[in-house]
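This is what each chain is made of:
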Amino acid sequence: MFTPDRAIHSCYADGTIVFEQQEPKRLPGSNRPLPDSSAIGPHSQLRWDIINHRIYQAREFDSNGYPVRDIDFTSPTYRNGNPRPNHAPPPHQHLWQFNDRQIGVRSGFKRQGGGGSPLDIP
Amino acid sequence: MRGITISDSTPDGFLAINLIDILEIIAPAIATTQWQITNLECLGTTAEKLYQIADDRQLISSELLLKLVAEITQVIDGKFQGYLLNENQPWLIITAVDSSAYDVETVDENILNQIRQQFQQISELPILLTV
């Protein structure tokens, strides 16, 4: 069994590893994901991996500034680097929804789990 | 240290549990535990406060953690390491995994048994040699 001396967090499609404590800085938001205040219309925010020099994650917003989906360019692994069996391989997507569809935006947002799903390419 | 993964989901593909659900089950056992939080991404009215604690690498009590996490609606990512006083290795680690699961690792098998009894989708974590 491969037993690295550093804990592994996730892995890109080409096998490049992201170690724990080297995860890129999170995208803006606290109570809800925050869109870019200077953006007009639908847009994406990119989470840049300064260690591996590539995009780690993209977050898409609609014209209202509501989050639509995250595209993850890595998938989480076990700490020893083995893939998690119930997680979609990278890249994969997680859709965003209102916490309560009846209430709408005032209820806040939640991000889909389930190990993500294969990327929908329009 | 042994561990389990909890992945109870709703029919529409959202994780059915939150961190507070786990902490409340094991609350008596963690009364004297101090927590360090890393790689946090979460949503809720106390998210900013938790970010500040995580980014400053502050150790916080279980009492404060429970209070703050009660106002969190979703933890997308985050590693919560529990330490006993004067110990430099965690005895309990709870990890939120990509809004899809929680891993719970501990040296206390009773904790894992308590959690196994409360949730439905449980799998054993492989032996993880690196903390």
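Everything numeric here is computed off the predicted structure, so don't read it as measured data. (Residues numbered from 1 in each chain as written. Chains lettered and ligands numbered in written order. Predicted model: local features only at pLDDT ≥ 70, side-chain atom pairs only at ≥ 80, totals over all residues.)

## Thoughts on the pairing of strand E1 (residues 2–6) of chain B
All names here are of chain B. Summarising burial for E1: four of the five residues are buried, a large majority. Inspection of the sheet shows E1 paired to strand E6 (residues 101–106) by five bridges, in the antiparallel sense. Bridge pairing links Ile4 to Val104 in E6. Here E1 runs beside strand E7 (residues 122–124); their pairing, made up of three bridges, is antiparallel. The residue of E7 that forms the bridge with Ile4 is Glu124. (Buried ≥ 20, exposed ≤ 12 C-beta atoms within 10 Å, placed from the backbone. Helix = DSSP H or I, 4+ residues; strand = E, 2+ residues; numbered from the N terminus. Pairing = 2+ DSSP bridges.)

## A word on the nonpolar core
Membership of the largest hydrophobic core comes to 33 residues, with the highest contact counts inside it found for Ile22, Cys42, Leu50 and Tyr102 of chain B. The contact partners of Ile22 of chain B, leaving out residues within four places of it in the chain, are Ile17, Ile94, Tyr102, Val104 and Ile115 of chain B. (Core = buried A, V, L, I, M, F, W, Y, C linked by C-beta atoms within 7 Å. Contact = placed C-beta atoms within 7 Å.)

## Examining the environment of Tyr12 of chain A
All names here are of chain A. Positionally, Tyr12 belongs in strand E1 (residues 8–12). Put simply, Tyr12 and Pro89 are 77 residues apart on the chain and 8.7 Å apart in space, counted from C-alpha to C-alpha. Look past the residues within four positions of Tyr12 in its chain and what remains in contact with it is Phe73, Thr74 and Pro90.

## A word on helix H2 (residues 47–55) of chain B
Residues and elements named next belong to chain B. Taken together, the buried positions of H2 are occupied by Ala47, Leu50, Ile53 and Ala54. Along H2, the residues classed as buried sweep out an arc of 125° about the axis, all on the same side. Residues of H2 that are buried in the fold lie against strand E2 (34–44), strand E3 (60–61), helix H3 (62–69) and strand E4 (72–83). Taken from the residues just after H2, Arg57 is the one with a positive phi, measuring 55°. (Arc of directions from axis to C-beta.)

## Regarding the interface of chain A and chain B
The interface of chain A with chain B comprises 29 residues on the first partner and 27 residues on the second. If one sorts the elements of the side of chain A that touches chain B by residue count, strand E8 (residues 109–111) of chain A sits on top with three residues.

## Side note on the environment of Thr32 of chain B
Residue and element names in this part refer to chain B. One can find Thr32 in the loop between helix H1 (19–25) and E2. C-alpha separation for the pair Thr32 and Leu85, spaced 53 residues apart in sequence, amounts to 7.6 Å. Not counting the four nearest positions on each side in its chain, Thr32 is found in contact with Leu84 and Leu85.

## Points about the sheet that holds E4 of chain B
All names here are of chain B. Pairing in this open sheet of seven strands is antiparallel, and the strands run E3-E2-E4-E5-E6-E1-E7 from one edge to the other. With partners counted over all chains shown, the strands left at the sheet margins are E3 and E7, one partner each. Where E2 lies against E3, two bridges are found, and the strand directions are antiparallel. The residue bridging Gln34 from the neighbouring strand is Ser61, located in E3. Across the sheet, helix H4 (residues 109–118) is in contact with E1, strand E5 (92–97), E6 and E7; its angle to E1 comes to roughly 20°. (Axes fitted to C-alpha atoms, helices over the stretch in contact; angles between N-to-C directions.)

## Remarks on the confidence of the model for chain B
Predicted coordinates in areas of low pLDDT are best not read in detail. With 97% of its residues at a pLDDT of 70 or more, chain B has an overall mean of 95. Listed scores for the predicted complex are pTM 0.94 and ipTM 0.92. (pLDDT = per-residue confidence, 0-100.)

## Observations regarding unusual backbone geometry
The omega angle of the peptide bond from Pro90 of chain A to Pro91 of chain A is -10°, so this bond is cis rather than trans. Mapped onto the elements, Pro91 of chain A comes out in the loop between strand E6 (74–76) and strand E7 (92–98). Of note, the phi angle at Arg57 of chain B is positive, near 55°, even though the residue is not glycine. The topology assignment puts Arg57 of chain B in the loop between H2 and E3. On the basis of neighbour count, Arg57 of chain B is assigned to the exposed category, with 9 C-beta atoms found within 10 Å. One non-glycine residue, Ser99 of chain B, lies in the positive phi region at around 55°.

## Description of the sheet that holds E6 of chain A
Residues and elements named next belong to chain A. A sheet is described by the order of its strands in space; here three strands give the open sequence E2-E1-E6, paired in antiparallel fashion. The outermost strands of the open sheet, each flanked by one partner alone, are strand E2 (17–19) and E6. Neighbour-to-neighbour, the strand axes of the sheet open up by a mean angle of 30°, direction not taken into account. Sheet analysis places E1 next to E2, joined by three bridges and oriented antiparallel. From the neighbouring strand, Ser10 faces E2, where its bridge partner is Val18.

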